[in-house]
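Letter by letter, the chains look like this.
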Amino acid sequence: MEKMLLQWRNELSEELTCDILPFWMAFLGDGEHFAGRIDGCGNVHPQAGKGAVLIARMLWTFSAAYGATRRPEYLDAAGKVRNLLVSRLIDPLYGGVYWEIASDGRPVCCKKQSYAIGFAVYGLSEYARATGDPAALDEAAALFASLEEHVWDAARDGYAEALTQDWRPLEDMRLSEKDANTYFSMNTHLHLLEPCANLLRVWQEDRVARAVRRLLRIHTDRLFDPQTGHLNLFFDAEWRPQGRIVSFGHDVEASWLIDEAAAVLGDPQAAAGVGPVVEALAKAAGEGVQSDGSLIYEYDPLTGRTDADRHWWVQAEAVVGFFNMYERTGDEAFLRRSRDAWQYIRTHLLDTENGEWFWSVRADGSANRDDDKAGFWKCPYHNGRMCLELMRRIGRLLAKN
């Protein structure tokens, strides 16, 4: 076991430092004039817009990598992205962050998508955590305050999906074209839990702790479906589910992010309260595991439609989520499942010719070159975080032996 864990940690370290991070440092360049998109065939699109999610996730990744390794090149990259986010994305008039900027840095879509603001908090709080920079903490705190002031809907007990630039109601609240236009979503609440918990690590404020408690309760009482063990994805303003699509990747990702947030909160009662949901989600995600160790994308029980593509981020979250379950339970079946997902990634998802990972592997086993290699949604956060999380967790296990 120890030999396997050591080898695994070395493989993850090599993937992070020799593939993922070098690709994204080259992509970033000087931190301002980089192309907003590289397509699945490796073509660079210098005029493409730059999304807030891409920028904030790069900031988190480079900051976390620096915090774990103290390598100066990662700090340099994180500093470049932080400067871009603060100077170009944060709205100086109304607060929050723009959804998209043009290739020259001008804002082109100024709506306030709660998901994007959450990721900006995540990136800035991680930069503050890695560097101790008080200005970055102030920036993260101000964005958190904008969420609490404008986005939190106390009457409806949730965070609204999106608003206009000046925080008024918005007709089209969708996160992306493939998402439903609903008032509440699982995805946004999951990715608000994550930054609020990270902010609490560096800013022990009661209002941040209250937000984390609130978001944990929303996950266990609103988003989690006890009849199926899965998360429901979309809800109207009265929290009525809109559809029943199962997202296996979000189930397994939520399982460990909920666990982590409860641990950061430091309340044993809260940790015990989320335990059954954490374990049910990881178990339900296992319904999508295939014989090759991969995890398929989603399933709609109302239509019987299955999307069996193996998306990059789903595989990465499977590695972490199932390893987290092994740590919780000691059940080696979860360890094997995590390891199998990593082996699938190494065999099928890594682009050994051009670097980084393919967006997905099709159900027929072919690499998906139609979707981006880097861009609005394809970022280093899921796979970079997987490497960092597993390196840390394996190190913790080895230290116990």
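This one's a predicted model, so the numbers in the text were calculated from it and none came from an experiment. (Residues numbered from 1 in each chain as written. Predicted model: local features only at pLDDT ≥ 70, side-chain atom pairs only at ≥ 80, totals over all residues. Heavy atoms only, no water.)

S.K.: Would you mind showing me how to read the overall build of the protein chain here?
M.R.: Along its length, the protein chain carries 12 helices and 16 strands. The C-alpha radius of gyration of the protein chain comes to 20 Å, within 12% of the 21 Å expected for a compact globule of 401 residues. Evaluated residue by residue, the protein chain yields a buried proportion of 60% over its 401 residues. Carbon and sulfur atoms form 47% of the exposed surface of the protein chain, whose accessible area is close to 15800 Å². With 44 positive and 59 negative side-chain charges, the protein chain shows a spacing of 2 Å between the two charge centroids. (Helix = DSSP H or I, 4+ residues; strand = E, 2+ residues; numbered from the N terminus. Rg over C-alpha atoms; globule rule 2.2 N^0.38 Å. Buried < 20%, exposed > 50% of the residue type's maximum accessible area, 1.4 Å probe, protein only. Areas by Shrake-Rupley, 256 points an atom, 1.4 Å probe, with all protein chains shown as cover. Lys, Arg positive; Asp, Glu negative; His and termini not counted. Charge placed at Lys NZ, Arg CZ, Asp CG, Glu CD.)

S.K.: Sorry, what's going on with the nonpolar core here?
M.R.: As a rule of thumb, nonpolar side chains are buried together in soluble globular proteins. Core analysis: the biggest nonpolar cluster contains 140 residues, and Trp8 and Met386 have the highest contact counts within it. At 12 residues, the largest contribution of residues to this core is made by helix H2 (residues 52-69). For Trp8, the contacting residues outside a window of four places in its chain are Val319, Phe323, Leu335, Ser338, Arg339, Trp342, Leu390 and Ile394. (Core = buried A, V, L, I, M, F, W, Y, C linked by side-chain atoms within 4.5 Å. Contact = heavy atoms within 4.5 Å.)

S.K.: When you look at the side chain of His219 in this model, what are you seeing that I'm missing?
M.R.: Tracing the chain through its elements places His219 in helix H7 (residues 206-223). Residue His219 is classed as buried on the basis of its relative accessible area of 0%. There is a polar contact of 2.8 Å between the side chain of His219 and the backbone oxygen of Leu215. (Polar contact = N/O pair within 3.5 Å; in protein donor to acceptor, adjacent residues only side chain to side chain.)

S.K.: Just checking my understanding: could you explain the state of the cysteines for this structure?
M.R.: In a disulfide, the sulfur atoms of two cysteines are covalently bonded to one another. This structure, assessed with the given rule, holds 0 disulfides. No disulfide involves Cys18; its sulfur sits 11 Å from the nearest other cysteine sulfur, which is in Cys387. Sulfur of Cys109: no disulfide; nearest cysteine sulfur belongs to Cys110 and is 6.9 Å away. We classify Cys109 as partly exposed; its relative accessible area is 23%. (Disulfide = S-S within 2.5 Å.)

S.K.: Just to check I follow, could you spell out the packing of helix H6 (residues 186-202) against H7 for this structure?
M.R.: A pair of packed helices is characterised by two quantities: the angle between their axes and the separation of those axes. Two numbers describe how H6 lies on H7: the axes approach to 9 Å, and their chain directions differ by 150°. Here H6 lies roughly antiparallel to H7, going by the angle between them. Crossing handedness for the pair H6 and H7: left-handed. Contact residues: Met186, His189, Leu190, Leu192, Leu193, Cys196, Ala197, Leu199 and Leu200 in H6; Val208, Ala209, Ala211, Val212, Leu215, Leu216, Ile218, His219 and Leu223 in H7. A per-class count over the contact of H6 with H7 returns 16 nonpolar, 2 polar and no charged. (Axes fitted to C-alpha atoms, helices over the stretch in contact; angles between N-to-C directions. Parallel < 35°, antiparallel > 145°, perpendicular 65-115°, else oblique. Left-handed = near helix turned anticlockwise from the far one by under 90°. Nonpolar A, V, L, I, M, F, W, Y, C, P; charged D, E, K, R; others polar.)

S.K.: Would you take a moment to explain the pattern of salt bridges for this structure?
M.R.: Oppositely charged side chains are able to pair whenever their charged atoms sit close together. Applying the stated criterion across every chain, the model contains 38 salt bridges. Across the salt bridge formed by Arg82 and Glu139, the nearest N and O atoms sit 3.2 Å from each other. With Arg82 in helix H3 (residues 72-89) and Glu139 in helix H5 (residues 134-151), the pair connects residues that are 57 residues apart, well separated along the chain. Exposure remark for Glu139: the relative accessible area of 17% places this residue in the buried category. Between Lys373 and Asp351 there is a salt bridge, with the nearest N and O atoms lying 2.8 Å from each other. Pair noted here: Lys373 is in the loop between strand S16 (360-361) and helix H12 (381-400) and Asp351 is in the loop between helix H11 (332-349) and S16, with a separation of 22 residues, a long-range link. Taken as a pair, Lys373 and Asp351 share a single burial class, namely buried. Members of the salt-bridge network, linked through shared partners, are Glu327, Glu389, Arg392, Arg393 and Arg396. (Salt bridge = Lys/Arg side-chain N within 4 Å of Asp/Glu carboxyl O.)

S.K.: Help me out: how do you make sense of the sheet that holds strand S4 (residues 100-101) in this one?
M.R.: Where strands meet in a sheet, backbone hydrogen bonds hold them as pairs that are either parallel or antiparallel. Pairing within the open sheet is antiparallel, and its 3 strands lie in the order S3-S4-S5. Every other strand in the sheet has two partners, leaving strand S3 (50-51) and strand S5 (107-109) as the edge strands with one partner each. Here S4 pairs with S5 via 2 bridges, running antiparallel. Within S5, the position partnered with Glu100 by the bridge is Cys109. (Pairing = 2+ DSSP bridges.)

S.K.: Would you take a moment to explain the sheet that holds strand S12 (residues 246-247) for this structure?
M.R.: The strand order S12-S13-S14 describes an open sheet built from 3 strands, whose pairing is antiparallel. On the outer flanks of this sheet lie S12 and strand S14 (305-307), each paired with one strand and no other. Where S12 lies against strand S13 (residues 298-300), 2 bridges are found, and the strand directions are antiparallel. Considered in S13, the bridge of Ser247 is made with Glu298.

S.K.: Looking at this structure, I do not really get the side chain of Glu389. What am I missing?
M.R.: Tracing the backbone shows Glu389 in helix H12. The contact partners of Glu389, leaving out residues within four places of it in the chain, are Trp256, Glu260 and Val320.

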